[in-house]
Amino acid sequence: QGGFFMHPIALCAVLGAGVMVERFIFLFFRFNINGGQFFNQVQKLVMANNIDRAIKLGNAADKAALARVMKAGLTRANKSEAGIASAIEEALLEVTPAISKRISMIAAIANIATLLGLLGTIFGMIEAFNAVATVAADQRSQALAKGISIAINTTGLGLMVAIPLLAAQVFIQNLAKKISDEVDLYAVKLENLLAARVRQG
């Protein structure tokens, strides 16, 4: 009963849900890791001069962003300070875009759904006013009701799609920020730890 604009709004719902679920699974189950605990384990192994074991620890969680960055630094642990820093920075440049990838798309789809709902409302009201002006008196109330129905239904569906998507986007954005902040923090800590090891010989 919402007319043509219900279809593109429904498409927005499907696309938005797809991106939302994919990002949640990717960030929560693949890229996420307990940063403090993982770094403490790596730190103990590095201080015990057991770099190979630390690399194996990174391999065990190789899908996690932090593990990938740390592994890059650990594989260069016996190189110069500049080499270690370069490897960690290169790994950071690889994982950082992957963390924030497609998150802004969720909000964009939500905004498009809202605007499509508004557009459907406008077309519904146009149809309602045209009905008042052109339709015969005995059919006028039915045509008017149809136009108002289109207007309300498209607005309602647009908001029903947009609100959950925007709420999910906030949650996923915060999750991505947490992962990114942890990666930055522990990457610097690892770089300092390995640099101190190199200086000690």
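In what follows, the accompanying structure is described. Everything numeric here is computed off the predicted structure, so don't read it as measured data. (Residues numbered from 1 in each chain as written. Predicted model: local features only at pLDDT ≥ 70, side-chain atom pairs only at ≥ 80, totals over all residues. Heavy atoms only, no water.)

## Some thoughts on the packing of helix H6 (residues 103-134) against helix H7 (residues 137-200)
Line of reasoning, step 1. Contact geometry of H6 with H7 gives a least axis separation of 7 Å together with a crossing angle of 170 degrees. Taken as axis vectors, H6 and H7 run roughly antiparallel relative to one another.
Line of reasoning, step 2. Grouping the amino acids of the contact of H6 with H7 by side-chain chemistry returns 22 nonpolar, 12 polar and 3 charged. (Axes fitted to C-alpha atoms, helices over the stretch in contact; angles between N-to-C directions. Helix = DSSP H or I, 4+ residues; strand = E, 2+ residues; numbered from the N terminus. Parallel < 35°, antiparallel > 145°, perpendicular 65-115°, else oblique. Nonpolar A, V, L, I, M, F, W, Y, C, P; charged D, E, K, R; others polar.)

## Observations regarding empty space enclosed by the protein
Line of reasoning, step 1. Scanning the model with the defined rule gives 1 cavity of 30 Å³ or more in all.
Line of reasoning, step 2. If you add up the space inside the largest cavity, you get close to 40 Å³.
Line of reasoning, step 3. In terms of lining, the largest cavity is formed by Phe31, Asn32, Ile33, Ala65, Leu66, Ile179, Glu182 and Val183.
Line of reasoning, step 4. Elements that contribute at least two residues to the lining of the largest cavity include exactly helix H4 (65-74) and H7.
Line of reasoning, step 5. Of all the elements, H7 adds the most residues to the lining of the largest cavity, at 3 residues.
Line of reasoning, step 6. Considering only residue class, the lining of the largest cavity consists of 6 nonpolar, 1 polar and 1 charged. (1 Å grid on protein atoms, 1.4 Å probe; cavity = no way out; pocket = protein on both sides within 12 Å on 5 of 7 lines; lining within 4 Å. Points joined across faces, edges and corners; volume = space filled by probe spheres on them.)

## Quick word on the packing of aromatic side chains
Line of reasoning, step 1. Within this structure, the stated rule accounts for 8 aromatic pairs.
Line of reasoning, step 2. Both rings, one in Phe5 and one in Phe123, keep their centres 5.3 Å apart while their planes meet at 40 degrees; by these two values the pair is tilted. Taken together, the positions of Phe5 in the segment before helix H1 (6-31) and Phe123 in helix H6 put the pair 118 residues apart, joining distant regions of the chain.
Line of reasoning, step 3. Between Phe24 and Phe29, the aromatic rings sit 6.0 Å apart at their centres with planes inclined by 85 degrees, giving edge-to-face as the arrangement.
Line of reasoning, step 4. The partly exposed category is assigned to Phe24, whose relative accessible area is 28%.
Line of reasoning, step 5. Taking relative accessible area as the criterion, Phe29 reaches 56% and is therefore assigned exposed.
Line of reasoning, step 6. By the ring-pair criterion, three or more aromatic residues cluster together here, those being Phe24, Phe28, Phe29 and Phe171. (Phe/Tyr/Trp six-rings, centres within 6.5 Å; stacked < 30°, edge-to-face > 60°. Buried < 20%, exposed > 50% of the residue type's maximum accessible area, 1.4 Å probe, protein only.)

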